[in-house]
Amino acid sequence: MQDEADFNYEISPELALLVARGNELLARLEPWLPPPPPRVDWKSVLACRWRQGRWGGWLEPVAHLNAVAWDSLRRVDEQKATLDRNARQFIAGLPANHALLTGSRGCGKSSLIKALLPRHARKGLRLVEVDKDDLIHLPDIAARLAGQPWRFILFSDDLSFEADDPAYKPLKAALDGSLNEAEFRTDANFGFEVPVSVPGVDTAILDPRSTWADKEAYGRQAKRLVGMFIDNFAKFEAHVDASTLSAAPRLQEAAE
């Protein structure tokens, strides 16, 4: 077997010229290229904002966290207790919910969320603020946060919709109470209540099966998802009450 030193490497003049021109081109382009995204030291940074530019997005540390003291938030004791319990569940790796806070401007919705941060920062809680228009970049944000030992709240302030936005109508019905008057059915796969009709909403999107061309494929996929949920939920069963257990889907109830 020949030693590597026995080989002679030769570069043709044409290839040498091509390499030289490539290096020259890269040198000219370098000042125009975006800088690499800054690395966030989450040990010292409690919150970031997601910034989206022409060449991609990055996490910008919040220099001055405008968070009020938890105890200074008055007359919202029920909301505080619910959010705090949910945050503690989330930090502990137990089942937790997404949260939607509604109310008049200035009533303290954002303050409640921000006040959670210093309250639970030592337990690993961190916050990333995302503008409504940047929510389409959630996969990129999640990829940037993946593998971190921290627990991240993704916070979108001032979430609003146009009156003719299709996504607004179901949400409006839930918030203004008109959804309470709707007729409901029980989903055969997951057991939760689904409205049969909502004013201003296409009834087709209320039944996921109707959006699939292959109804049998939908049934198989739904059954598979129920099985995945059951397998994943098994490790949390010891930490939830009987009412939560009874609401969980059961594989034998899934539609074929």
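Figured I'd write up the structure that's included with this text. What you see is a predicted model, and the numbers here were worked out from it, not measured in a lab.

Looking at the sheet that holds strand β2 (residues 56-61)
For step 1, the next point in the chain: The sheet built from 4 strands is open, its strands ordered β2-β1-β3-β4 with mixed pairing. Lying at the two open borders of the sheet, with one neighbouring strand each, are β2 and β4 (151-155). On average, adjacent strands in this sheet sit at an angle of 30° to one another, irrespective of strand direction.
For step 2, the next point in the chain: For strand β1 (residues 47-53) and β2, the ladder comprises 6 bridges, and the chain directions are antiparallel. Looking at β2, one finds that arginine 49 is bridged to glutamate 60.
For step 3, the next point in the chain: Against the sheet, helix α3 (residues 109-120) engages β1, β3 (125-129) and β4, with an angle of about 145° to β3.

Comments concerning α3
For step 1, the next point in the chain: Spanning 12 residues, α3 covers 18 Å between terminal C-alpha atoms, matching the ideal 16 Å at 1.5 Å per step.
For step 2, the next point in the chain: All buried positions along α3 are accounted for by Ser110, Leu112, Ile113, Ala115, Leu116, Leu117 and His120.
For step 3, the next point in the chain: On its buried face, α3 sits against β1, α2 (77-91), β3 and β4.

Remarks on the packing of aromatic side chains
For step 1, the next point in the chain: All chains considered together, the criterion is met by 3 aromatic pairs.
For step 2, the next point in the chain: Ring geometry for tryptophan 212 and tyrosine 218: centres 5.6 Å apart, planes at 75°, overall edge-to-face.
For step 3, the next point in the chain: Under the relative-accessibility criterion, tyrosine 218 is labelled buried at 10%.
For step 4, the next point in the chain: Aromatic pair phenylalanine 229 and phenylalanine 233: ring centres 5.5 Å apart, planes at 10°, arrangement stacked. One end of the pair, phenylalanine 229, and the other, phenylalanine 233, are both in helix α6 (residues 215-233), 4 residues apart, so they sit about a helical turn from each other.
For step 5, the next point in the chain: Accessibility expressed as a relative area gives 36% for phenylalanine 229, which makes it partly exposed.

Quick word on the pairing of β4
For step 1, the next point in the chain: Across 5 bridges, the pairing between β3 and β4 is parallel. Along β4, the bridge assignment pairs arginine 126 with phenylalanine 152.
For step 2, the next point in the chain: Between β3 and its parallel partner β4, the chain crosses via helix α4 (residues 138-145), and the hand of that crossover is right-handed.

Let's talk about the nonpolar core
For step 1, the next point in the chain: Counting 16 residues, the largest nonpolar core has Leu73, Leu116 and Leu127 as the members making the most contacts within it.
For step 2, the next point in the chain: Within the residue set of this core, elements represented by two or more residues are α2, α3 and β3.
For step 3, the next point in the chain: With 5 residues, the single largest contributor to this core is α3.
For step 4, the next point in the chain: Beyond its immediate sequence surroundings of up to four residues, leucine 116 is in contact with Trp70, Leu83, Asp84, Ala87, Leu125 and Ile153.
For step 5, the next point in the chain: Grouped together as the second largest cluster of nonpolar side chains are 11 residues, Val40, Trp42, Val45 and Val128 included.

Let's talk about the pattern of salt bridges
For step 1, the next point in the chain: According to the stated counting rule, one finds 5 salt bridges in the structure shown.
For step 2, the next point in the chain: Residue glutamate 60 pairs with arginine 51 through a salt bridge whose shortest N-O separation is 3.0 Å.
For step 3, the next point in the chain: Glutamate 60 sits in the partly exposed class, given a relative accessible area of 29%.
For step 4, the next point in the chain: A salt bridge links aspartate 207 to arginine 185; its shortest N-O distance comes to 3.5 Å. Pair noted here: aspartate 207 is in the loop between β6 (193-195) and α6 and arginine 185 is in strand β5 (residues 184-186), with a separation of 22 residues, a long-range link.
For step 5, the next point in the chain: One salt-bridge network, in which partners are shared between bridges, spans Asp84, Arg88 and Arg119.

What counts and how
- Residues numbered from 1 in each chain as written.
- Predicted model: local features only at pLDDT ≥ 70, side-chain atom pairs only at ≥ 80, totals over all residues.
- Heavy atoms only, no water.
- Pairing = 2+ DSSP bridges.
- Helix = DSSP H or I, 4+ residues; strand = E, 2+ residues; numbered from the N terminus.
- Axes fitted to C-alpha atoms, helices over the stretch in contact; angles between N-to-C directions.
- Contact = heavy atoms within 4.5 Å.
- Expected span 1.5 Å × (residues − 1).
- Buried < 20%, exposed > 50% of the residue type's maximum accessible area, 1.4 Å probe, protein only.
- Phe/Tyr/Trp six-rings, centres within 6.5 Å; stacked < 30°, edge-to-face > 60°.
- Right-handed = clockwise from strand over helix to strand, strands pointing away.
- Core = buried A, V, L, I, M, F, W, Y, C linked by side-chain atoms within 4.5 Å.
- Salt bridge = Lys/Arg side-chain N within 4 Å of Asp/Glu carboxyl O.

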